[in-house]
Amino acid sequence: MIRVGFLINYNHFKWLGGFNVIINITNSFRFLKNKKIKPLIIISNDFKKNYKNYDIEKNQIIFTDYFSKQTLLFRLYNKLSIIFLGKSNKYDNFLKKNYISILSHGLHFGLGSKSDIKSISWIPDFQHIYYPENFTLRNRIFKYINTLISAKTSSKIILSSKDAERDLKKVLPIEYKKTIIHSYVFDLPPKREILSYKKLYQKYEIPKNYFFIPNQFWKHKNHDLIVETLKYLKEQKNNDINIVLTGFPNDHRHKNYFVELNKKIDKYKIRNKYIYLGVVPYLDVMSLMYHSIAVINPSKFEGCSSSVEQAKSMGKKVVLSNINIHKEQNPSKGYYFHPDNFKQLARKLIKVLNKHNKEDDLRSITYAYSILNKRLEKYAFDYQRKVLKN
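Reading the values: rules and limits
Residues numbered from 1 in each chain as written. Predicted model: local features only at pLDDT ≥ 70, side-chain atom pairs only at ≥ 80, totals over all residues. Heavy atoms only, no water. Helix = DSSP H or I, 4+ residues; strand = E, 2+ residues; numbered from the N terminus. Contact = heavy atoms within 4.5 Å. Lys, Arg positive; Asp, Glu negative; His and termini not counted. Charge placed at Lys NZ, Arg CZ, Asp CG, Glu CD. Expected span 1.5 Å × (residues − 1). Bend = angle between axes of the 7 residues up to and from the residue. Polar contact = N/O pair within 3.5 Å; in protein donor to acceptor, adjacent residues only side chain to side chain. 1 Å grid on protein atoms, 1.4 Å probe; cavity = no way out; pocket = protein on both sides within 12 Å on 5 of 7 lines; lining within 4 Å. Points joined across faces, edges and corners; volume = space filled by probe spheres on them. Nonpolar A, V, L, I, M, F, W, Y, C, P; charged D, E, K, R; others polar. Patch = residues over 30% accessible without salt bridge, like charges linked within 9 Å, V, L, I, M, F, W, Y side chains within 5 Å. Areas by Shrake-Rupley, 256 points an atom, 1.4 Å probe, with all protein chains shown as cover. Salt bridge = Lys/Arg side-chain N within 4 Å of Asp/Glu carboxyl O. Buried < 20%, exposed > 50% of the residue type's maximum accessible area, 1.4 Å probe, protein only. Pairing = 2+ DSSP bridges. Axes fitted to C-alpha atoms, helices over the stretch in contact; angles between N-to-C directions. Parallel < 35°, antiparallel > 145°, perpendicular 65-115°, else oblique. Phe/Tyr/Trp six-rings, centres within 6.5 Å; stacked < 30°, edge-to-face > 60°. Lys NZ or Arg CZ within 6 Å of the ring centre and 35° of its normal.

> Help me understand the overall build of the protein in this model?
Secondary structure summary: the protein contains 14 helices and 13 strands in total. Expressed as a percentage of contacts within the protein between residues at least 6 apart in sequence, the contacts between residues at least 24 apart total 70%. Looking at the protein, you have 69 positive and 32 negative side-chain charges, and the mean spots of the two groups are 3 Å apart.

The following block contains the structure:
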């Protein structure tokens, strides 16, 4: 069995999307019959007090601060060793000590051309090319440098979509040939564990009928559009649309974004329709999705949307922006709108609400659950096949 280390070399408390991708892909191997890979999660020591909240066995985890919480001098030494000497003896020795043959999904992280360990660098997206205003000049320069170095020092590059591959080809036309495209399929909690609406109401006092947005509050996620949509619906005397939101409230690139968003909500007097619950447990997120009318993703940019894939796994309707990646993800129950058009989004929400039928929704959920294990088996098999090739 080949031991593959899935590296979380970033703040997993702040980037829940990236963290969930790693947990999901490692757990998907439970469904694979002809298993040739043993997946292990490499994560910082501060996860020791949280791992029991997730469906992860302790023997699946390597706890270490070696890759995420070291000094600038340590990181610089290892980076320069990888670039100029072809490997870092410190990293290689640590991974060999833990019998790791392949290091996967390190965020912009390669081990070098002379490393004995195959490394597969993860580049989630190329947002800085399309929305440079969301980044400082320094951030954009570092993103380009990190992308270049990781692409050149990795055995392969893993991307989540063909859309991202097209972007990589524009930026690095030679290195893009190393790419593996591995699009998400998300597992779900068993139906018997999904919280009832009654329990959700007791916990959060949410309305009976609501749309759901489980996105972090980064500016490109486009929560502004939701606020303007609710304002417009209020002006049109439409009192039927409620939107429940969860997610980490800070954008490190736009530190005042969440505060300014809330000022608008209070100014428009739509707080009763814009219902933010904070960062909630994963089971609660999935339960909120289960009982919603539909999931909304208004984002202006994605590498691949986790919430769209989770909704697909659950058989839920999705109201989503018509950006390229959302079209590629192609949910069968998708309703598209332009990410700058709040009137169009309002019309889609009214249409979905008017067509909503609880019995039809439950049938769709039941069918989606019935085929999910097969989809997860294929997801794990595709990863195994592509990573072990050559």
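> What exactly am I supposed to notice about helix α14 (residues 358–388) here?
Residues spaced three or four apart along an α-helix face the same direction, because each turn holds 3.6 residues. Relative to the 45 Å expected for 31 residues at 1.5 Å per residue, α14 spans 44 Å between its end C-alpha atoms, a close match to the ideal helical length. A maximum bend of about 40 degrees is found in α14 at L372. One side-chain oxygen of the residue at the start of α14 lies 3.0 Å from the amide nitrogen of E359, identifying that residue as N357.

> Sorry if this is basic, but what is going on with the layout of surface pockets here?
By volume, the second largest pocket amounts to about 260 Å³. Residue lining of the second largest pocket: 13 residues in total, with K208, Y290, H291, H356 and K358 positioned closest to the centre. For the lining of the second largest pocket, a count of residues per class yields 5 nonpolar, 4 polar and 4 charged.

> Where do I start with a nonpolar patch on the surface in this structure?
A cluster of nonpolar residues, L76, L80, I83, F84 and L85, forms a patch on the protein surface that exposes about 510 Å² of accessible area. Residue position: L85 is located in helix α2 (residues 72–85).

> Is there a simple way to explain the pattern of salt bridges in this structure?
Opposite charge on two side chains makes pairing possible when the charged atoms of those side chains draw close. Applying the stated criterion across every chain, the model contains 21 salt bridges. Measuring nitrogen to oxygen at the nearest pair gives 3.1 Å for the salt bridge that ties K312 to E309. Of the two residues, K312 and E309 both sit in helix α11 (residues 306–314), 3 residues apart, roughly one turn of that helix. Under the relative-accessibility criterion, K312 is labelled partly exposed at 25%. Judged by relative accessible area, which is 4%, E309 ranks as buried.

> Quick question: what am I supposed to make of the pairing of strand β4 (residues 102–107) here?
Put simply, side chains in a regular strand alternate between the two faces of the sheet. Across the 6 residues of β4, 5 count as buried, placing the element largely inside the fold. In terms of strand pairing, strand β1 (residues 2–7) meets β4 through 3 bridges, oriented parallel. If you follow G5 over to β4, its bridge partner there is L103. Strand direction decides the pairing type here: β4 and strand β5 (residues 118–122), joined by 5 bridges, are parallel. Pairing of L103 across the sheet is with S119, part of β5.

> Before we go on, may I ask you to explain the environment of N330 in this structure?
You can see N330 is positioned in the loop between α12 (324–329) and β13 (334–337). Sequence-wise, N330 and V308 are 22 residues apart; in three dimensions their C-alpha atoms are separated by 9.0 Å.

> Before we go on, may I ask you to explain the packing of helix α8 (residues 223–235) against helix α9 (residues 257–268) in this structure?
Two packed helices can be described by the angle between their axes and the distance between those axes. Orientation of α8 relative to α9, taken along the N-to-C sense of each, is 0 degrees, at an axis distance of 10 Å. Relative to α9, α8 is oriented roughly parallel. Two secondary-structure elements touch here, α8 through H223, D224, V227, E228, K231 and K234 and α9 through Y257, L261, K264, I265 and Y268.

> Just checking my understanding: could you explain the packing of aromatic side chains for this structure?
Any pair of aromatic rings gets described here by the distance separating the centres and the angle formed by the planes. Under the criterion given, the structure shown has 22 aromatic pairs. Among the aromatic side chains, those forming a connected cluster through ring pairs are Y66, F67, F74, Y91, F94 and F109. One residue, R253, lies across the ring of W218, its end atom 6.0 Å from the ring centre.

> Explain the sheet that holds β5 here, please?
Hydrogen bonds between backbone atoms are what pair the strands of a sheet, whose relative direction is either parallel or antiparallel. Taken in spatial order, the 7 strands line up as β3-β2-β1-β4-β5-β6-β7 in an open sheet, and their pairing is parallel. Every other strand in the sheet has two partners, leaving β3 (61–63) and β7 (179–181) as the edge strands with one partner each. Each strand axis lies, on average, 25 degrees off the axis of its neighbour in the sheet, ignoring direction. Packed on one face of the sheet, helix α1 (residues 16–28) meets β1, β2 (37–43), β4 and β5 and runs near 155 degrees to β2. Sheet strands touched by α14: β1, β2, β4, β5, β6 (156–159) and β7. Its angle to β4, the strand with the most contacts, is close to 110 degrees.

> What am I meant to see in empty space enclosed by the protein here?
One simple way to see leftover space: roll a probe sized like a water molecule over the atoms. Under the definition given, this model contains 1 cavity of 30 Å³ or more. A volume near 30 Å³ is recorded for the largest cavity. As for the largest cavity, its lining consists of H105, W122, I158, L159, S160, H182 and Y184.

> Looking at this structure, I do not really get unusual backbone geometry. What am I missing?
Outside of glycine, negative phi angles account for most residues, and trans bonds account for most peptide bonds. At E205, a position not held by glycine, the phi torsion is positive, near 55 degrees. By secondary structure assignment, the location of E205 is in the loop between α7 (197–204) and β8 (211–213). One non-glycine residue, N330, lies in positive phi territory at about 50 degrees.

> Before we go on, may I ask you to explain helix α10 (residues 282–291) in this structure?
The element α10 is extensively covered by neighbouring structure, given that 7 of its 10 residues are classed as buried. Turning to α10, its buried residues are D284, V285, M286, S287, L288, M289 and Y290. Among the structural elements, α7, β8, β9 (243–245), β11 (295–297), α11 and α14 are those in contact with the buried residues of α10.

> What exactly am I supposed to notice about the side chain of K118 here?
Along the polypeptide, K118 turns up in strand β5. Buried within the structure, K118 lacks any salt-bridge partner; its nearest side chain of opposite charge belongs to D116, at an N-O separation of 14 Å. From its side chain, K118 meets the backbone oxygen of V387 in a polar contact 2.4 Å long. Setting aside its immediate chain neighbours within four residues, K118 contacts S101, I102, L103, S155, K156, V387 and K389.

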